[in-house]
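# Structural overview
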Amino acid sequence: MSKATVLVLSAALWGAPAFAQVDFSGEWAPLYHENGPERLPGPELGDYTELPINDAARLRADSWDADRISVVEQYQCRPHGSDYALRGLGNMRVWREIDPATQRLVGFHTHMLAWDSERTIYMDGRAHPPEYANHTWQGFSTAVWEGNMLTVTTTHLKENYLRRNGVPRSDQAIVTEHWMRHGDYLTVVTVIDDPVFLTEPLVRSDNWYLDPGQHIGIFGCEHAPELPKPEGAVPNHLPGTNPYLREVSEWYGLPYEATRGGAETLYPEYRLKLNSYKAPPKCDRYCTCTTLFDCQLR
Amino acid sequence: MTKYLLTWVAVATAYAQLGPAPAKPKPPRNAKEAAPVDFTGYWVSVVTEDWRWRMVTPAKGDFASIPLTAEGRKLGNAWDPAKDEAAGEQCRAYGAPAVMRIPGRLHLTWADDNTLQIDTDQGTQTRLLHFGASPNKSTQSGSGTWQGYSIAQWEPPVRGVQSPQQGLGATREGARGRSLEVVTTLLRPGYLRKNGPPYSGNTVLKEFFDLSVERNGDPWFVVTTIVEDPQNLTEPFVTSTNFKKQRDAAGFSPAACSAR
Amino acid sequence: MKLLTFAILCGSCAWGQVQSQDAVHVFPVQGNVSMLVGPGGNTTVQMGKEGIVVVDTQTAAVAPQVMAAIRKLAIPPDTPIIWVINTSLDADHISGNEALLRLGGSNEASLRARVITHENVLNRLVAAGPGQARVADAASINDTYFRSPKDFLFNGEAVMVYHIPAAHTDGDSIVLFRRSDVISSGDIFTPDRYPVIDLANGGSVQGLLDGLNKILEMAVAGKYQEGGTFVVPGHGRLCDEADVVEFRDMVAIIRDRVQDMLKKGMALEQVKAAKPSRDYDTQYSGSPDVFVESIYKSLATPRKP
C-alpha cells in the first residue's frame, strides 16, 4: 500500500463514531431468591398479595378452576406470556442479530426453557403492528437504549396471567421492560400497564446469572383429552363458591383481606392494618425454596 | 509533487466531511456533578415481591428463597427476638444487606459533593455512600456497623480488554453507564430478614441502583442487591427491590427498629 | 392569503382524519386469504386466478373503500368477484352486496357472482313484519343452502360453508378456507365485544356455544397453541384458536352463572342487578345488561329441536 493510500485511509478512519451498546448475549440461569415458592412449585390458590388488581381481576381469579388446564385441551400446552415467562422456568438464552451490511444491531432474540418460547426484540425502528393484527404469547417487542439500560415495549400480547393461580392479564396490556446487565448479573424490571385488571402499573424485577455451561433442552408438549368430560365443559367456580380462597390466610396467619391484593396493600402504611396477623409458631410450608429441586412443601 | 498534492486534497476532503474533532468536555469536579441520573428525593417501596416475607415478620424457620448453608439455617432457627431486644439488638434486620427490603420510605440527598446519603424511615437508619473513597480507608475503619462502609461509583461504561481504540474492529467505548454501583463491607452481623436468617461480619454487599421513568411519567429505581457471605450462604443472595418516587415527604414516618 | 392557506391546510388535516376513520385496512392472513378491516366490521377475501370470494360485504356506504382495498390485493386488479357469502342477515354484513358487485362483479353471464346465505337468512329477510323486510338485501341473494356444509373448490382450495344453527341468529354460517387454513366466523365470534344473541331472529346461547365449539373443533393450532388456523371474526382483530377459547370460556362461564341464578328462581331484573358479567365488563364492549338478558331469556325458553 502506498503512503498516499495510508494517509487517506487514516484520515477517513479518524473520528469514526463509536457504537454505544451493551451485549446481553449468553446463557442466563434464573435466580429464585425472591418469591421462590410462587415461581417454582406455583402460587397458592387465593393468594393475590403483591398485585394491584381490581375487583374484576379478583372475581376472575376466584372463578378460576385449575381443572381448566387439563379439561380444556387447548390450555394444556398454553405457554406463559413473554412477561410472565421471565418469572417462571426462566432459563434463557439471548443472542444478537447483526445486519450483515451495516454491522448494526437489528435486535435481540430470546429463547426460554418453558414452552421453548422465542421472542425477537426489534431495535431497527420498525413500528408495532396495527391494532387489528393478531396477538401472540410473546407479543411484539421493540426496544431503545437508555444509556446502558435497554427499555423494551411489548404490545399485541394474548390474554394470559399475572399469576398462574387464575389472576388474569388482559390482551390490552402494554408491557415495558428495563434490561440491565451488571457484569455477570442480569436484572429485568417488568412494568405491566393493564387497563382491564390493574389499578396502577405492576412493577416487578427478576435476576439471572450468566451460566455458559447451561444447556436448555426441548420443553415439548402434546395435548390430548385426559378426562371424560362433556365437550365444551369449562370448569369454573360460581361466585362465592370457591372453597380454597381462605387457605392462604389460614396457613400463614394473614388477615383474609390482605390476601385479596389491591394497590393499597403494596405500600408501607398498609402494615398498620395487619394488626391481626399472627405468624404460625413455626414454618411448615416451603421453608426452603431456591431451586426447582430443593423446593419442598414440607 | 503531484502525488503529495493529491494526497493532501484527499485528506483535506475527508477532514472536511468528518468535521473537526468535537471539543472534549471538562471532567466533572465531583461525584454530584458527574451524576448521570438524579436519585435524590423521597422514594417509597412498592412491595410487589416477597410480600409475606417483608410486610409481616414470617414464621420462625421460614427461609424460602434464601440459599442458606446448614450453618446459616441453624443460626436462623435459633432466632429469638426477645433475646435481641434484651441485648439492644433490635436493629439486626435493618443492616445494609436487608434495610432496603423493609417496606418504608427513603430520603436520598447529597451529604456533600462526594457522599450520597440514604435515610430510611423504618429503623431510622442512615447510609453514606462515599464516592472516590479508597479501599484502604474502609479497611481502617474498625469494627463493623449496621450500615458498614460503602464505596460508591458511577458505573463505568462497558469496555473491552484493552483501552478503547477507535477504528475498524477495535475495542470500543461502551454505553454511558447510568447505574450507581456500591460495595459495602465492615458490616456488623445481622439478619437478611426479620425472622433471623443471618449474614456474617465478613459479608460483602454489592448493589446496583438503576433509574427509569415509566409510561405514566413516574420515576422508579431498582436496587439489585448481591449479598456474598460464604459462611451463611451457599451462593450470592440476589434480590432486586423497586422504589417509586414521591413528590414530597408525605408518609415519611420515622420508626425505631423492631425485633419482632 | 396566509389565513386562507392555513384554513385549507387545516381542512385537509381534518378531512384526512375523517377519511382514516372510514378507511378499510388490508391485512393479509395466510394462503390466499386476507382480512379487510372496515368501520363496521371485517370482510374476508380469498383471491386467485379464478376470481374472488368475499365473505361479508359490510354496508353499501363502505363498498367503494372495500372495493378499493380488494383492487390493491387482486392480480390483475380487475379480477372479478365470483362468490359472495354472507354469514348472517345483519345489515353490516349483507347490505354491501349489491353495491360491491356493481363495482367488482363481472358483467359476463357465465361469471355472474353467486351470493350465498343459509336459507333462513333469505326467509327472514322476506318475512312480513315491521323492520323485518329488507328488500334490497333479500334481492341481492341468488343462492341459498340448507344442508351443511355447502362446499366448492375455488382457487385451488376447498371453500366450505357450515351452517351454525340458532347461534347469533338461526341463519349463521362460518366459512372454512381449507388449504389457506382460515375460518371466517361472522358474529358468532367477536373478540372485542359481547356477542349479540339475536333471539328475535332465532339466536340462542347454547347455539352460540355450539358454534364456538365447532370452530374449536375445526381449528388446529400451531406449536404451543398459537397460529395454525386463523379465525377472522365478525368484528375485532385477527385471532387464532387460543383467542376463540378465551371467548368461548367467557360465554360459558357467564351462562353458568345466569343458569345458576335461574335455577334459584331469580327474576331477570335480579339477575341483572347481580351483574354476573362484572369481571368481563372491563374487557368486552357492548351492553352487559343486553348480553345477560339475552342469555337469561335464551335459557328460560327451551330450544326448539
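Residues numbered from 1 in each chain as written. Chains lettered and ligands numbered in written order. Predicted model: local features only at pLDDT ≥ 70, side-chain atom pairs only at ≥ 80, totals over all residues.

## Regarding the overall build of chain B
Under the convention used in this document: To qualify as a helix, a DSSP run of H or I must reach at least 4 residues; to qualify as a strand, a run of E must reach at least 2; elements of each kind are numbered from the N terminus. Buried means a residue has 20 or more other C-beta atoms within 10 Å of its own C-beta, exposed means 12 or fewer, and partly exposed covers the counts in between; C-beta atoms are placed from the backbone. A residue pair is marked as a contact if its C-beta atoms, positioned from the backbone, fall within 7 Å.
Per the secondary structure count, chain B includes 7 helices and 11 strands. Burial analysis of chain B (260 residues in total) assigns 44% to the buried set. Sequence-distant contacts in chain B: of pairs separated by 6 or more residues, those separated by 24 or more amount to 62%.

## Description of the overall build of chain C
Put simply, the test is: Within these notes, the globule rule equals 2.2 Å times the number of residues to the 0.38 power, and the radius of gyration is based on C-alpha atoms.
In terms of regular secondary structure, chain C is built from 10 helices and 13 strands. For chain C, the C-alpha radius of gyration of 21 Å lies close to 19 Å, the compact-globule estimate for 305 residues. Taken along the three principal axes of its C-alpha coordinates, chain C extends 65 × 60 × 50 Å. A buried classification covers 51% of the 305 residues belonging to chain C. A separation threshold of at least 6 residues defines the contact pool for chain C, and within that pool the share at least 24 residues apart is 65%.

## Here's the deal with the nonpolar core
Convention followed: A set of buried Ala, Val, Leu, Ile, Met, Phe, Trp, Tyr and Cys residues, joined to one another through C-beta atoms within 7 Å, is what we call a nonpolar core.
One finds Val 167 and Trp 179 of chain A together with Tyr 94 and Phe 221 of chain B to be the most contacted residues of the largest nonpolar core, which totals 106 residues. With near-sequence residues (within four places) excluded, Val 167 of chain A lies in contact with Tyr 48, Leu 51, Ile 53, Ala 57, Ala 61, Tyr 161 and Leu 162 of chain A. Core analysis: the next-biggest nonpolar cluster, separate from the first, contains 78 residues, Ala 63, Ala 99, Leu 101 and Ile 188 of chain C among them.

## A closer look at the interface of chain A and chain C
Stated formally: By the convention adopted, Pro, Cys, Tyr, Trp, Phe, Met, Ile, Leu, Val and Ala count as nonpolar, Lys, Arg, Asp and Glu as charged, and the other residues, Gly among them, as polar.
Taken together, the contacts link 29 residues of chain A with 30 residues of chain C. Taken together, the residues that form the side of chain A that touches chain C break down as 15 nonpolar, 8 polar and 6 charged.

## Focus: the sheet that holds strand E9 (residues 204–213) of chain B
Residue and element names in this part refer to chain B. Counted only if it meets this: The pairing criterion is simple: DSSP has to find at least two bridges between the two strands. Lines are fitted to the C-alpha atoms to define the axes, a helix being fitted only along its stretch in contact, and any angle between axes, read from their N-to-C directions, falls within 0 to 180 degrees.
The strand order E1-E2-E3-E4-E5-E6-E9-E10-E11 describes a closed barrel built from 9 strands, whose pairing is mixed. The sheet shows a mean angle of 30° between the axes of neighbouring strands, taken without regard to direction. Here strand E1 (residues 41–45) pairs with strand E2 (residues 105–112) via 4 bridges, running antiparallel. Along E2, the bridge assignment pairs Gly 41 with Leu 108.

## Focus: the pairing of strand E7 (residues 160–163) of chain A
Residues and elements named next belong to chain A. Bridging between E7 and strand E8 (residues 167–169) involves 3 bridges; their strand directions are antiparallel. For Asn 160, the partnering residue across the bridge sits in E8 and is Arg 169. Here E7 folds back onto E8 in antiparallel fashion, the turn holding 3 residues, of which Gly 166 has a positive phi close to 105°.

## Examining the sheet that holds strand E6 (residues 114–118) of chain C
The strands that make up a sheet are held in pairs by hydrogen bonds between backbone atoms, and each pair lies either parallel or antiparallel. Residues and elements named next belong to chain C. Ordered by their spatial adjacency, 7 strands build an open sheet running E1-E2-E3-E4-E5-E6-E7, and the pairing between neighbours is mixed. For this open sheet the edge positions go to strand E1 (25–30) and strand E7 (143–145), each flanked by a neighbour on one side alone. Averaged over all adjacent pairs, the angle separating strand axes in this sheet is 25°, with direction ignored. Inspection of the sheet shows strand E5 (residues 81–85) paired to E6 by 3 bridges, in the parallel sense. Across the sheet, residue Ile 85 finds its bridge partner in E6, namely Ile 116. Most of the contacts of helix H5 (residues 119–126) go to E6, to which it runs at about 90°, and overall it touches E6 and E7.

## Regarding the packing of helix H8 (residues 241–263) of chain C against helix H10 (residues 288–300) of chain C
Residue and element names in this part refer to chain C. Our working definition: Should an angle fall under 35 degrees it is taken as roughly parallel, and over 145 as roughly antiparallel, whereas 65 to 115 is taken as roughly perpendicular and any remaining angle as oblique. It is the rotation of the near helix from the far one that decides the hand of a crossing: anticlockwise by less than a right angle makes it left-handed, clockwise makes it right-handed.
At a minimum axis separation of 10 Å, H8 and H10 run at an interaxial angle of 60°. By the angle class used here, H8 and H10 are oblique. In the packing of H8 onto H10, the handedness of the crossing is right-handed. Contact residues: H8 offers Ile 254, Arg 255, Val 258, Gln 259 and Leu 262, while H10 offers Val 292, Ile 295, Tyr 296, Leu 299 and Ala 300. When its residues are assigned to classes, the contact of H8 with H10 shows 8 nonpolar, 1 polar and 1 charged.

## Points about the confidence of the model for chain C
Residue and element names in this part refer to chain C. Applicable threshold: Confidence per residue, as judged by the predictor, is encoded in pLDDT with a range of 0 to 100.
Mean pLDDT over chain C: 91, with 90% of residues reaching 70 or higher. Contacts for the low-pLDDT stretch residues 2–19, under 50 throughout, to residues beyond four places or in other chains number 0 contacts. Here the complex is predicted with pTM 0.91, and the ipTM for its interfaces comes to 0.91.

## Description of the pairing of strand E5 (residues 149–154) of chain B
Residues and elements named next belong to chain B. Pairing analysis gives 3 bridges linking strand E4 (residues 126–131) to E5, with the strands arranged parallel. Residue pairing across strands places His 130 opposite Ile 151, the latter belonging to E5. Sheet topology places E5 next to strand E6 (residues 180–185); 6 bridges connect them, and they run antiparallel. The residue bridging Trp 154 from the neighbouring strand is Leu 180, located in E6.

## Notes on helix H2 (residues 63–73) of chain C
For the α-helix, the turn length of 3.6 residues means that residues three or four positions removed from each other point alike. Residues and elements named next belong to chain C. Condition: As used here, the arc is the angular range of directions from the helix axis to the C-beta atoms.
Those residues of H2 that fall on the buried side of the exposure criterion are Ala 63, Val 66, Met 67, Ala 69 and Ile 70. The buried residues of H2 occupy an angular sector of 160° when the element is viewed end-on, so they sit on one face. Tucked into the core, H2 has its buried residues touching E1, strand E2 (33–37), strand E3 (42–48), strand E4 (51–55) and helix H4 (97–104).

## Focus: H4 of chain C
Along H4 of chain C, the positions that sit buried rather than exposed are Asn 97, Ala 99, Leu 100, Leu 101 and Gly 104 of chain C. Where the residues of H4 of chain C are buried, they touch E4, H2, E5, helix H3 (91–94), E6 and helix H6 (135–140) of chain C.

## Remarks on unusual backbone geometry
Cis geometry marks the peptide bond from Ile 75 of chain C to Pro 76 of chain C, where omega comes out at -5°. Turning to its location among the elements, Pro 76 of chain C is positioned in the loop between H2 and E5. Backbone torsion omega between Ser 148 of chain C and Pro 149 of chain C reads 0°, so that peptide bond is classified as cis. Locating Pro 149 of chain C in the fold gives a position in the loop between E7 and strand E8 (150–154). Phi angles above zero are rare outside glycine, and Thr 124 of chain B is one such case at about 40°. Looking at the secondary structure, you find Thr 124 of chain B in the loop between strand E3 (115–120) and E4. A positive phi angle is found at Asp 56 of chain C, which is not glycine, with a value near 70°. When the 31 C-beta atoms within 10 Å are taken as the criterion, Asp 56 of chain C is described as buried.

## Considering the packing of H2 of chain C against H4 of chain C
Residues and elements named next belong to chain C. For the pair H2 and H4, the least separation of the axes is 9 Å and the interaxial angle reads 45°. As summarised for this structure, H2 and H4 are arranged oblique, according to the angle between their axes. Regarding H2 and H4, the two cross each other, and that crossing is right-handed. Contact residues: Ala 63, Pro 64, Val 66, Met 67 and Ile 70 in H2; Ala 99, Leu 100, Leu 103 and Gly 104 in H4. Classifying every residue of the contact of H2 with H4 gives 8 nonpolar, 1 polar and no charged.

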